[in-house]
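What follows is each chain in one-letter form.
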Amino acid sequence: MEHSTEIILTIGGIFLVHGLIFYFLTRKKRNIKGKHVVVTGGSSGIGMWAAIECVRLGAHVTIIARKVSLLEKALEELEKYRVRDTQKLQFRSLDLSQNHEAVTRTLDELESSVGPIYMLVNCAGMAICGTVEDTTIEDAHRLMDVNYFATFYPTRHVLPKMKAAGDGIIVITASQAALVGIYGYGAYAASKFALRGLAETIAMEASHRGVSVTLALPADTDTPGFENENRTKPEETKIISGSGGLAKPEDVGKRIVRDALKGSFFSILGLESWILSILCVGMAPWKGPLLCFVQFYLLGPLRLIGLLLQWNFQRIVKGCAKRRQQR
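Residues numbered from 1 in each chain as written. Predicted model: local features only at pLDDT ≥ 70, side-chain atom pairs only at ≥ 80, totals over all residues. Heavy atoms only, no water.

*Asks:* Help me understand the state of the cysteines in this model?
*Replies:* Linking two cysteines covalently through their sulfur atoms gives a disulfide. Across all of its chains, the model carries zero disulfides by this definition. Cys320 forms no disulfide, and the closest cysteine sulfur to it belongs to Cys129, at a distance of 14 Å. (Disulfide = S-S within 2.5 Å.)

*Asks:* Explain the pattern of salt bridges here, please?
*Replies:* One side chain can pair with another of opposite charge once the charged atoms of both are near each other. Per the stated rule, a full pass over the model turns up 13 salt bridges. The closest approach of N and O atoms between Asp167 and Arg30, which form a salt bridge, is 2.9 Å. Of the two residues, Asp167 is situated in the loop between helix H5 (137-165) and strand E5 (168-173) and Arg30 in the loop between helix H1 (2-26) and strand E1 (36-40); the sequence distance between them amounts to 137 residues. Accessibility expressed as a relative area gives 27% for Asp167, which makes it partly exposed. Since its relative accessible area comes to 23%, Arg30 is described here as partly exposed. A salt bridge links Asp108 to Lys161; its shortest N-O distance comes to 3.0 Å. Taken as a pair, Asp108 in helix H4 (residues 100-113) and Lys161 in helix H5 lie far apart in primary sequence, 53 residues in all. Under the relative-accessibility criterion, Asp108 is labelled partly exposed at 34%. The class of Lys161 is partly exposed, set by a relative accessible area of 36%. Because the salt bridges share partners, they merge into one network encompassing Glu53, Arg56 and Arg258. (Salt bridge = Lys/Arg side-chain N within 4 Å of Asp/Glu carboxyl O. Helix = DSSP H or I, 4+ residues; strand = E, 2+ residues; numbered from the N terminus. Buried < 20%, exposed > 50% of the residue type's maximum accessible area, 1.4 Å probe, protein only.)

*Asks:* Hey, could you run me through the packing of aromatic side chains in this one?
*Replies:* Aromatic ring pairs are described here by two measures, namely the spacing of the ring centres and the angle between the planes. On inspection of all chains with the given rule, the structure shows 10 aromatic pairs. Between the aromatic rings of Phe149 and Tyr153, the centroid separation amounts to 5.6 Å while the plane-to-plane angle is 35°, which identifies the pairing as tilted. Of the two residues, Phe149 and Tyr153 both sit in helix H5, four residues apart, roughly one turn of that helix. Given a relative accessible area of 29%, Phe149 falls into the partly exposed group. Through successive ring pairs, a cluster of aromatic residues spans Tyr148, Phe149, Phe152 and Tyr153. For Lys35, the ring lying beneath its charged end belongs to Tyr118, and the centroid distance is 4.0 Å. (Phe/Tyr/Trp six-rings, centres within 6.5 Å; stacked < 30°, edge-to-face > 60°. Lys NZ or Arg CZ within 6 Å of the ring centre and 35° of its normal.)

In structure tokens form, the structure reads like this:
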């Protein structure tokens with residue numbers, strides 16, 4: 001029995017080593033130098049820093065958001081990182097969530113003036129916190145409009161063109177809330193779970209046509225949007241989400257672009273996001289033997305950690321409820 005186990009482990013190790021060698025030798029990183037990249041939500045935060053990283057890599061970059069004043073400031077930042085005089089850096093003011101026809105017209109105009117959109121980085125989004133019963137119907141609709149449809153409209157526009165070209169990159173920026181429901185994030189998490197479903201579906205529909213999809217899962221990040229989010233957070237949400245620290249938008253933006261160019265399906269930063277991505281991998285697309293090997297062997301132990309985390313979350317919720325009753 002012991003001898004058989006050794007043989008199985010040896011054969012498994014041989015297959016793993018050869019698989020890793022094949023994977024790293026064949027894995028290619030895409031080059032966006034001279035190609036057109038569009039970043040939605042690019043006027044601040046993660047979107048602006050993702051755009052800056054694309055500028056550093058020599059791409060023509062267009063940022064899209066609503067407020068012209070913020071777009072102008074962001075464009076000034078982008079100019080600081082220009083690496084070629086011929087790079088085209090510009091912005092467009094557009095509410096991506098309200099009118100899909102306006103989105104189509106704007107993207108068509110951009111492609112005719114700059115060139116085909118090779119990479120679409122969807123970073124437009126917002127957060128409104130509160131328990132489900134405290135969330136207004138209007139806010140629930142607004143979250144779906146801004147977080148889901150503002151991503152769906154531009155993605156739907158570029159997808160058939162990328163498939164026809166046999167090449168392209170789509171980034172969908174969700175959140176850790178796309179992996180696990182947390183107290184106070186009901187309507188917000190629903191909009192982010194929808195983005196995960198969209199990303200997995202596009203990966204299945206378009207990967208064989210040369211289009212890669214990256215689902216970004218940032219944790220709490222120090223952005224203007226996060227400041228607004230904190231104003232509506234219940235006490236329980238602040239305690240639970242505050243345990244993971246606060247990431248820098250420049251680190252998150254850079255990681256998203258780098259992961260997208262490598263063809264990674266998940267883009268994560270930090271131990272907490274890594275653990276959650278393993279725990280909640282589900283039916284996510286195959287992205288290499290090393291990651292699948294890690295997922296296979298860690299799912300069991302990490303499930304135990306997940307149960308302990310859920311127990312701690314419930315303890316926090318009960319503690320906050322008890323304190324409110326005492327007050």
